[in-house]
Amino acid sequence: MPQPTSAELPVPAGFTPLYLFTTLLILFSSTSTNAWRPWPNTTISTPTTTSSHSYNTTDFLFGPSKKFEGSSEFVQLKYHMGPVLTGHITVHILWYGTWAKTQKRIVREFVSSISSESTPPPSVAGWWRTVRLYTDQTGLNISRTVSLGSEKNDRFYSLGKSLTRLSLQSVLKSAVTASTKPLPITPQGGLYLLLTSPDVYVQDFCGQVCGFHYFTFPSIVGYTLPYAWVGNSAKLCPSICAYPFSVPGYIPGLKALKSPNGDVGVDGMISVIAHEIAELATNPLVNAWYAGQDPTAPVEIADLCEGIYGTGGGGSYTGQLMEDHDGATYNMKGIRRRFLVQWVWNHVVNYCTGPNALDQ
């Protein structure tokens, strides 16, 4: 379907024209950060090809450690006085397309592991402790409690297999207004994950994004609800969005790692889901914690550390990870499973941190 223009978009109740313009810019733009992911427009230098956007092959393999990427004097992560999620967080999931039961279990168990303090370190709960360091203007921290909420299936692809960013909101509207078993509407503390199966293409998927978060427009959905979309890249671009469980051919000598749960697409999604949940908690309405002077392109706490999974991470090097008895690679433990999840920015120490760090 054609991309709607701003003149065709319904204006949410109470929105000023300037605020609407800003929100649309954020929704339809892709954040540019220094984080590393093997995007398809990335090129490398060879004896016969160079460009201003080229890199040496060694830059990909042995990029500098990003633990101190953009230290405090450059990052300037600031609190912009907007709300953060300090109350109980409930994650509702909308499964769009065809999903196997085993795939759903992997995602459910990751979400359920976020608040599992009994899991031995390094754990998903330990990773969440960094997110919890962020506060609102009253000094309240991000909630410790994150629980799995309701789920709904859209197995018949109600809006087809090619979706725009805006049409995702219509998919969510159908889910919360369904006549049978609708997703509950929980504006306070509710997060909505819209997950698309491998045969679904979403605007900018694989070329610029693997997932993103925003909030729904009341004029479309009826409510302002923080949500995130994440796609399963298994068919379309595993070497980009499921990296490092699949790797691009243009990086010589780089081998794919074995995924911890035996599903390259979903194991790759887990880190993107974690990325978006962390940013939804700290910047749910895109006016709380972010770096940069342009609110239409906020650089958030997970953007700053994308591609870093362990000590020394930088370039295509993930950092020091752990290997399971079956050769699978991970960096943190859940309740029953293991996961590979990127680190997030710690504004207290001004660098990326994770529960598996060797030097903290």
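Cut-off values and rules
Residues numbered from 1 in each chain as written. Predicted model: local features only at pLDDT ≥ 70, side-chain atom pairs only at ≥ 80, totals over all residues. Heavy atoms only, no water. Helix = DSSP H or I, 4+ residues; strand = E, 2+ residues; numbered from the N terminus. Buried < 20%, exposed > 50% of the residue type's maximum accessible area, 1.4 Å probe, protein only. Contact = heavy atoms within 4.5 Å. Disulfide = S-S within 2.5 Å. 1 Å grid on protein atoms, 1.4 Å probe; cavity = no way out; pocket = protein on both sides within 12 Å on 5 of 7 lines; lining within 4 Å. Points joined across faces, edges and corners; volume = space filled by probe spheres on them. Nonpolar A, V, L, I, M, F, W, Y, C, P; charged D, E, K, R; others polar. Pairing = 2+ DSSP bridges. Polar contact = N/O pair within 3.5 Å; in protein donor to acceptor, adjacent residues only side chain to side chain.

Asker: Which parts of the structure should I look at to understand the overall build of the chain?
Answerer: A count of helices and strands for the chain gives nine helices and 17 strands. Per-residue burial over the chain gives 56% buried out of 360 residues. A separation threshold of at least 6 residues defines the contact pool for the chain, and within that pool the share at least 24 residues apart is 74%.

Asker: Even after reading the chapter, I still don't get the side chain of serine 246, so can you show me in this structure?
Answerer: For serine 246, the location among the structural elements is in the loop between helix 8 (238-241) and helix 9 (264-282). Among residues more than four places away in sequence, those in contact with serine 246 are Pro238, Ser239, Ala256 and Val264.

Asker: Which parts of the structure should I look at to understand the state of the cysteines?
Answerer: Each disulfide consists of a covalent bond between the sulfur atoms of two cysteine residues. Throughout the structure, instances matching the rule amount to three disulfides. The disulfide bridge from cysteine 206 ends at cysteine 237, spanning 2.1 Å between sulfur atoms. Its S-S torsion of about -70 degrees marks the bond between cysteine 206 and cysteine 237 as left-handed, since a negative value means left-handed. In this pair, cysteine 206 is assigned in the loop between strand 8 (201-202) and strand 9 (211-215) and cysteine 237 in the loop between strand 10 (226-231) and helix 8, connecting sequence segments 31 residues apart. Look at cysteine 206 and you get buried, because its relative accessible area is 11%. Linked covalently through their sulfurs, cysteine 305 and cysteine 352 form a disulfide whose S-S length is 2.1 Å. The sign of the -95 degrees torsion about the S-S bond sets the cysteine 305-cysteine 352 disulfide as left-handed. Of this pair, cysteine 305 sits in the loop between strand 11 (289-290) and strand 12 (322-323) while cysteine 352 is found in strand 17 (residues 351-353), placing the two residues 47 residues apart along the sequence. The pair formed by cysteine 305 and cysteine 352 is uniform in burial state, with each residue classed as buried. Taken N- to C-terminal, the disulfide-bonded cysteines of the chain are connected 1-3, 2-4, 5-6.

Asker: Please explain empty space enclosed by the protein as it appears in this structure.
Answerer: According to the stated counting rule, one finds two cavities of 30 Å³ or more in the structure shown. Here the second largest cavity defines a volume of roughly 40 Å³. As for the second largest cavity, its lining consists of Arg37, Cys241, Tyr243, Pro244, Phe245, Asp267, Gly268, Ser271, Tyr309 and Leu340. Ranked by residue count, the leading element in the lining of the second largest cavity is helix 9, at three residues. A class-by-class count of the residues in the lining of the second largest cavity yields six nonpolar, two polar and two charged.

Asker: Whenever I open this one, the pairing of strand 10 confuses me. Can you help?
Answerer: Across a regular strand the side chains alternate sides, sitting on one face of the sheet and then on the other. Counting buried positions along strand 10 gives six out of six residues, so the element sits mostly inside the fold. Residue alternation in strand 10 divides its side chains into two sets, Pro226, Ala228 and Val230 and Tyr227, Trp229 and Gly231, and both sets are buried. Relative to strand 10, strand 7 (residues 190-196) runs parallel, the two sharing five bridges. Across the sheet, residue leucine 194 finds its bridge partner in strand 10, namely tryptophan 229. Taken together, the five bridges between strand 9 and strand 10 define a ladder with antiparallel strand orientation. Residue tyrosine 214 lies in a different strand from strand 10, and its bridge partner there is tyrosine 227.

Asker: Quick question: what am I supposed to make of unusual backbone geometry here?
Answerer: Cis geometry marks the peptide bond from proline 121 to proline 122, where omega comes out at -5 degrees. Omega for the peptide link from tyrosine 243 to proline 244 comes to 10 degrees, which places this bond in the cis form. Structurally, proline 244 is set in the loop between helix 8 and helix 9. Of note, cysteine 206 is a non-glycine position whose phi angle comes to about 80 degrees, a positive value.

Asker: Explain the environment of tyrosine 79 here, please?
Answerer: With respect to the helices, strands and loops of the structure, tyrosine 79 is situated in strand 3 (residues 78-79). For the pair formed by tyrosine 79 and alanine 288, sequence separation is 209 residues and the distance between their alpha carbons is 5.3 Å. Ignoring anything within four residues of it in the chain, the contact list for tyrosine 79 reads Val84, Thr135, Asp136, Gln137, Ala288 and Trp289. A polar contact is formed between the side chain of tyrosine 79 and the backbone oxygen of glycine 82, at a distance of 2.6 Å. Within the structure, tyrosine 79 has its side chain in polar contact with the backbone nitrogen of glutamine 137 (distance 3.1 Å).

Honestly, that's just the spatial picture; any functional story needs more than this.
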